Amino acid sequence: MARSELVVMTDHSSTEGSRDVLATAVRTLTGRPPVLVDARHFMTGGTGRITRAAIPEVGALRLEVPAEGIAVTAEAVLVYEVPPHRRRDFEAFQRLLRDHGARSLGTDAEAWRTATEKDLTVERFVRDGIPHMPTLTLSRPSPEAAAEAFDRLGGDVWARPTVGMGGSDVFHITTGAQLAAAARHYAEAGTDWLIARDAANFAPDGRRHQYRVVVLDGRVVRAVEHVQANPDAPCNECRGAVSTLLEEGELPGGLAELAVAATKSLGLPLAGVDLAAENGGVVFEANVHPVFGSVGGLETVAVPYAAAHLGPW
């Protein structure tokens, strides 16, 4: 009988690099490489197939991609690095993974959608009492409606698309002209957007700062502080922020608990929660597939995530 394999399934069009880190994590834990499968084959219109494997192992599946000659019995399926704009196309396969009893943390399509579409995230945070900055969703607003929302939030806001990543298409808005420019930008892109009151998350030296806290199975496995010298730019490394890995105990009090609560609210087994200590501690968003980062990501996130797919289920 052919042995079952660990499958790492990611969108191979992504250049983020998480796939390689996860493959290293699997080799570290098991001594053998995983089978790498392109998630696009299992999205809407793809030719990938899934069936139950004819072996007694818990969660064992048969995955086939005829176009690439792939036919593998999967002990577990590690899903990662599926870009936000592709996730709706992946939902049908996620449901099949769940229906087939897959050993996988990537089967909850509803949780993914709630975390990916930020208007839904805000609704869930409101429902569950997760502290966040006041936020309004806008959909092709008239100039008057946009101005009214801007004024309601105090005239100092951050705008972002309902679906995005990496700080792209995010703007700090403090004037009517900036608001009008942002409205035109989102209208041309055909996307809904949100504006949220500025959190005034400034360090004593005047730089912006916030935290990325990675939660896995209800516990914090990684905490990073991002510091941004440009007060009008997002606190993302790809937007110029400097990232510092924190040791245990260095995260400001209450933020670990807040990150865990936000993750639970969205129903995610793993999340990278962006939050600030100012305003009593507020959550900005939670990321389904947090980037592992350049320092310590293998040990702090990738290995624990891979390990969660092994052993009793």
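Quick notes on the rules
Residues numbered from 1 in each chain as written. Predicted model: local features only at pLDDT ≥ 70, side-chain atom pairs only at ≥ 80, totals over all residues. Heavy atoms only, no water. Helix = DSSP H or I, 4+ residues; strand = E, 2+ residues; numbered from the N terminus. Polar contact = N/O pair within 3.5 Å; in protein donor to acceptor, adjacent residues only side chain to side chain. Contact = heavy atoms within 4.5 Å. Pairing = 2+ DSSP bridges. Axes fitted to C-alpha atoms, helices over the stretch in contact; angles between N-to-C directions. 1 Å grid on protein atoms, 1.4 Å probe; cavity = no way out; pocket = protein on both sides within 12 Å on 5 of 7 lines; lining within 4 Å. Points joined across faces, edges and corners; volume = space filled by probe spheres on them. Nonpolar A, V, L, I, M, F, W, Y, C, P; charged D, E, K, R; others polar. Buried < 20%, exposed > 50% of the residue type's maximum accessible area, 1.4 Å probe, protein only. Arc of directions from axis to C-beta.

1. What to know about the side chain of Ser-104
With respect to the helices and strands, the residue Ser-104 is situated in the loop between helix H2 (87-99) and helix H3 (109-116). From its side chain, Ser-104 meets the backbone oxygen of Val-77 in a polar contact 2.8 Å long. A polar contact of 3.1 Å, which involves the side chain of Ser-104, links it to the backbone nitrogen of Gly-106. Ignoring anything within four residues of it in the chain, the contact list for Ser-104 reads Val-77, Val-79, Leu-97, His-309 and Trp-313.

2. Some points on the sheet that holds strand S9 (residues 193-197)
The antiparallel open sheet is built from four strands, whose spatial order is S6-S9-S7-S8. Of all strands in the sheet, those bounded by a partner on one side alone are strand S6 (135-138) and strand S8 (171-173). Adjacent strand axes in the sheet meet at a mean angle of 25 degrees, parallel and antiparallel pairs treated alike. For S6 and S9, the ladder comprises four bridges, and the chain directions are antiparallel. Following the sheet pairing, Leu-136 is matched in S9 by Ile-195. Set on the sheet, helix H4 (residues 118-128) makes contact with S6, strand S7 (157-161) and S9; between it and S9 the angle comes to about 45 degrees.

3. Quick look at empty space enclosed by the protein
A full pass over the atoms with the stated rule returns one cavity of 30 Å³ or more. In this structure, the largest cavity spans a volume of roughly 70 Å³. Val-79, Leu-105, Gly-106, Trp-112, Leu-268, Pro-269, Leu-270, Val-288, His-289 and Tyr-305 together form the lining of the largest cavity. Looking at the lining of the largest cavity, its residues break down into eight nonpolar, two polar and no charged.

4. Brief notes about helix H5 (residues 143-152)
Two residues of an α-helix separated by three or four positions point the same way, owing to the 3.6 residues in each turn. Listed in full, the buried residues belonging to H5 are Ala-146, Ala-149 and Phe-150. The arc enclosing the buried residues of H5, seen along the axis, measures out at 100 degrees, which places them on a common side. Those residues of H5 that are exposed and aimed more than 90 degrees away from the buried face are Glu-144, Glu-148, Asp-151 and Arg-152. Check the buried side of H5 and you find it contacts S6, S7, S8, helix H6 (176-189) and S9. Note on H5: the residue one or two positions beyond its end, Gly-154, has a positive phi of about 95 degrees.

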